[in-house]
Amino acid sequence: MRIEIIDPDRCVGCEICMLACVRRQGFGGLAKAKIAVHSSGGMEKGFTVLVCRACFDPPCAAVCPTNALEVRKDGGVNLISEKCIGCKNCVEACTVNSIFWDSETNKPNICIYCGFCAMNCPHHVLYFNKEWGKKDV
Amino acid sequence: MFEDKFTRVLYIDLSKKSFTIRSRRDLFERWLGGTGVGIQLLKEECPQGTDPLSPDNTIIFSVGPLTSLYPLASKTIAIFKSPLTGNLGESHAGGRSAVSIMMAGYGAIVIKGKSDIPVYLSIFDNEVRFHDARAIWGIKDAITVGKIIRQRETFSGQRSIMRIGRAGENLVRFASLNTETYRHFGRLGLGAVFGSKNLKAVVIAGKRTINLADPKAYIRVYKKLLDETTSNLMEKYHDLGTAVNVLPLHEIGGLPIENLNKTSYDGAKELSGENLAQNYLGRRIACTGCPVACVHIATFRDPHEEEKYFYKTSMIGYDYEPIYSLGTMLGIKEAKGFLKLMDKTEKLGLDAMSAGVALAWATEMLNKNIISEKETLIKFSFGDWEKYLDGLENIVSMPNDFYKALARGTNYASEIYGGKDFALNFGKNEMPGYHTGPATHLGWFLGARHSHLDNAGYSMDQNLKGNYPAPEKLVDNLIEEESNRQILSSLVVCFFARAIYLNFDNTINCLKTIGIDLTKEELKELGREIYRQKMSYKTQEGWLPSYLDLPKRIFETPAPFGKISEEYMKKAIEHFRTRLEQNFR
């Protein structure tokens, strides 16, 4: 499973995906968002959407000193929160800048591929690929 | 239960370059947020009779308990004393401003005093910084100012940057405050108040968590509202944006053209939302938290004046009201001309509506030989957009006494030079783009901020289709609508979502998920009380609407359902004054 950005040019910058992600976790606000939308040098230039690519050989896990990021067989990582010491190595290591920092808990925001952001996107920018990482695909 | 951080008010003193954060639970619990809290803060902070351009004037930005939590809860309310009207200033804008203020951890921000040098402010969480803005004061183009600040500050791509242009620096009384390039606190001169305080810009951002009283219900209620906002209820704003209004208004004869000398011309099709979408629409964007994306941006390619094979491509935002004021009101018949005027207005940091109406009045003054080119310096002629480009520049640079007067508004200029009968201002604010009948003109003449959005009289006109009730009843209806809208602007939600949030069950359910229990009657009474609070401020500052202040032009040019009756308007205003004396004194 993973979230795919199928048409970034349709993104209007509403951040409804970010708010959906946090809502799914039972909160409001933006600190816990595991997806990010930002303008690329002013609103007129359009938007960039950042979300975990569910790597099979994830650099974030490779640099974690406490094995708090457990590699998933179907791609991506699980965060074992109690092991995480908040060093931010994973943020630095992520080539696509898709690990975001929750400064309130001092832990990374790691996507769990629930697809709720894609379900909420009003403009079909995101696609929830349920087949990603399955053995027979 | 109101959240702790939301009930915080950030007080900034520009004179002392200091700030304090105070919990104002009392204010938010009583007045919800937005307009409701804003008007109270204005009453607390801005003494009676304050000169709007003096350090004592107070700028208040406020958001509401629904901000960032629900669809279209995306607006910030600005409250201040208006340098254009000398009375209540209230202006709303979206972009990222509201969510940024909420995420920085404030329900309201109060800015007072005056800096000795130009500054801009950055507000990130508990940190407020004063930055030297001397080098960016006077930059020709307000869009460049945004670019410079973008490079200097953090929270790249996810912050709100509110800034003024030269119009604000030069204290043009209808200068706007721009946010995120395409949204504006446009009306009533907030830009000039910024300028008078030597405040060039405010950058604000934050990231935090809002804890909810009932997270499960939140997910359920949110889904219902998101479904409603993406349904056909909002289609109008979704497809063509607000520009969708041009052709229907032209068709019924309610579109003001050439200083409201007429309501029909052959330029309407060219300036229509349909034509702009077909030939120019380059991108649509949204305010944070809004799925609608009503912000329509034209891509405009313009060859370089002197050099072959050099092109400049600009992204220019457009909406119905600027199409009216900078387009139809000036008799512009080419989309290109309108877009160039729009672009110039953005760069200068003017309110598009007031600027267009002011130039339309100046043109008619010239046509009637009441003034000459000695005053205007330019031979304005309806439809000649190139002349109006220079006119906009002159409003900001004020090369002579005429432009100095015009920069104080159409009302002020007409008091000096004449032409009051066709100086289309109401309560000293320039007219919006509807000549639909008595309700629209009464609406903004009697409304607290002299805006078409105060009470949507234009919509009442179109629904009544000429079958008007007694004038007293019409005024009562306008007041009721305006009172209801105080609920929306205190929650704070966009007025485009009024059908959704004035379905009170929705609002009650939203508030429940964050632990606030209010009944429909309590909400309605709160709306009425906030309206009274605003009216009491207005009367305190000397406002009393007089029939004599109506520009006679509105009686001369027929509205869609016939000429507007002077007698009807007179009776309506008398009734309003009686109610004002009974209730709001």
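As recorded in an unreviewed UniProt entry, chain B goes by the name Aldehyde:ferredoxin oxidoreductase, listed as coming from Thermodesulfobium narugense. Comment text from UniProt for chain B, heading Sequence similarities (unreviewed entry), reads "Belongs to the AOR/FOR family."

## Notes on the pattern of salt bridges
When the charged atoms of two side chains with opposite charge come close together, those side chains can pair. Residues and elements named next belong to chain B. As enumerated under the stated definition, the model contains 42 salt bridges over all chains in all. For R485, the salt bridge goes to E481, with nearest N and O atoms at 2.8 Å. Of this pair, R485 and E481 both sit in helix α20 (residues 471–491), four residues apart, roughly one helical turn. Judged by its relative accessible area of 1%, R485 falls in the buried class.

## Some remarks on the environment of S372 of chain B
With respect to the helices and strands, the residue S372 of chain B is situated in the loop between α13 (352–367) and α14 (373–376). Here S372 of chain B falls in the partly exposed class, since its relative accessible area comes to 33%.

## Looking at the side chain of R23 of chain A
With respect to the secondary-structure elements, R23 of chain A resides in helix α1 (residues 16–24). Within the buried core, R23 of chain A has no salt-bridge partner, and the shortest N-O distance to an opposite charge, that of D227 of chain B, equals 9.2 Å. Contacts of R23 of chain A, omitting those with residues within four sequence positions, involve F116 and N120 of chain A together with Y218, I219 and Y222 of chain B.

## Observations regarding the environment of Y547 of chain B
Residues and elements named next belong to chain B. Assignment of secondary structure puts Y547 in the loop between α23 (520–540) and α24 (553–556). Y547 sits in the buried class, given a relative accessible area of 13%. Each C-alpha atom, one on Y547 and one on A497, is 33 Å from the other, the two residues being 50 residues apart in sequence. Beyond its immediate stretch of four places on either side in the chain, Y547 contacts F555, E566, M569, K570 and I573. Side-chain polar atoms of Y547 contact the side chain of E566, separated by 2.6 Å.

## Focus: the interface of chain A and chain B
Taken residue by residue, the interface counts 34 residues in chain A and 36 residues in chain B. Roughly 2900 Å² of surface becomes buried between chain A and chain B when both sides are summed, with 58% attributable to carbon and sulfur atoms. In this structure, the connection of chain A to chain B is made through one salt bridge. R96 of chain B serves as the salt-bridge partner of E15 of chain A, at 3.8 Å between the closest nitrogen and oxygen. On the surface where chain A and chain B come into contact, there are ten residue pairs in polar contact (both at pLDDT 80 or more). Counting residues per element, the ones that place at least two in the side of chain A that touches chain B are α1, β2 (28–29), β3 (35–39) and α4 (116–120) of chain A. Taken together, the residues that form the side of chain A that touches chain B break down as 15 nonpolar, eleven polar and eight charged. Both β2 of chain A and strand β13 (residues 209–210) of chain B contribute to a ladder of two bridges, which runs antiparallel. Following the sheet pairing, G28 of chain A is matched in β13 of chain B by I210 of chain B.

## As for the sheet that holds strand β14 (residues 281–285) of chain B
Residue and element names in this part refer to chain B. Within the open sheet, the three strands sit side by side as β14-β15-β16. Their pairing is antiparallel. Pairing within the sheet leaves two strands with one partner each, and these edge strands are β14 and β16 (311–318). Ignoring which end each strand starts from, the neighbouring axes of this sheet average 25° apart. Summarising the sheet, strand β15 (residues 295–303) and β16 pair through eight bridges and their orientation is antiparallel. Its bridge partner lying in β16, T299 is registered against M315.

## Let's talk about the packing of helix α12 (residues 335–348) of chain B against helix α15 (residues 385–397) of chain B
All names here are of chain B. At a minimum axis distance of 9 Å, the contact between α12 and α15 shows a crossing angle of 10°. With respect to α15, the element α12 is oriented roughly parallel. Residue-level inspection shows K336, G337, K340, L341, K344, T345 and L348 of α12 in contact with α15, the latter providing W385, Y388, L389, L392, E393 and V396.

## Some details on the pairing of strand β2 (residues 18–23) of chain B
When strand β1 (residues 8–13) of chain B meets β2 of chain B, the two strands line up antiparallel, connected through six bridges. Opposite V9 of chain B, over in β2 of chain B, you have R22 of chain B as the bridge partner.

## Structural notes on a negative patch on the surface
Taken together, the side chains of E305, E306, E307, E334, E386 and D390 of chain B define an acidic patch exposed on the protein surface. Residue position: E306 of chain B is located in the loop between β15 and β16.

## Focus: helix α22 (residues 504–513) of chain B
An α-helical segment advances 3.6 residues per turn. Residues three or four places apart therefore align on the same side. All names here are of chain B. Within α22, seven of the ten residues are buried, which leaves it mostly tucked inside the rest of the structure. Within α22, the full set of buried residues consists of F504, N506, T507, I508, C510, L511 and T513. Against α7 (215–229), α20, α21 (498–501) and α23 lie the buried residues of α22. A positive phi of about 80° marks G515, the residue just after α22.

## Quick look at the packing of aromatic side chains
All names here are of chain B. Summed over the entire model, instances satisfying the criterion amount to 21 aromatic pairs over all chains. Where F61 meets F194, the ring centres are 6.3 Å apart and the plane angle is 70°; that geometry is what we call edge-to-face. Here F194 lies in helix α6 (residues 190–196) and F61 lies in strand β3 (residues 59–62), a separation of 133 residues in the sequence. Summarising the burial analysis for this pair, F61 and F194 share the class buried. Of note, R22 hangs over the ring of Y11, and the distance from its end group to the ring centre comes to 4.5 Å. The cationic tip of R301 hangs over the ring face of Y311; the distance from NZ or CZ to the ring centre is 3.8 Å.

Reading the values: the criteria
- Residues numbered from 1 in each chain as written.
- Chains lettered and ligands numbered in written order.
- Predicted model: local features only at pLDDT ≥ 70, side-chain atom pairs only at ≥ 80, totals over all residues.
- Heavy atoms only, no water.
- UniProt positions renumbered as here; feature names shortened; annotations may be inferred.
- Salt bridge = Lys/Arg side-chain N within 4 Å of Asp/Glu carboxyl O.
- Helix = DSSP H or I, 4+ residues; strand = E, 2+ residues; numbered from the N terminus.
- Buried < 20%, exposed > 50% of the residue type's maximum accessible area, 1.4 Å probe, protein only.
- Lys, Arg positive; Asp, Glu negative; His and termini not counted.
- Contact = heavy atoms within 4.5 Å.
- Polar contact = N/O pair within 3.5 Å; in protein donor to acceptor, adjacent residues only side chain to side chain.
- Buried area = accessible area lost by both parts, 1.4 Å probe.
- Nonpolar A, V, L, I, M, F, W, Y, C, P; charged D, E, K, R; others polar.
- Pairing = 2+ DSSP bridges.
- Axes fitted to C-alpha atoms, helices over the stretch in contact; angles between N-to-C directions.
- Parallel < 35°, antiparallel > 145°, perpendicular 65-115°, else oblique.
- Patch = residues over 30% accessible without salt bridge, like charges linked within 9 Å, V, L, I, M, F, W, Y side chains within 5 Å.
- Areas by Shrake-Rupley, 256 points an atom, 1.4 Å probe, with all protein chains shown as cover.
- Charge placed at Lys NZ, Arg CZ, Asp CG, Glu CD.
- Phe/Tyr/Trp six-rings, centres within 6.5 Å; stacked < 30°, edge-to-face > 60°.
- Lys NZ or Arg CZ within 6 Å of the ring centre and 35° of its normal.

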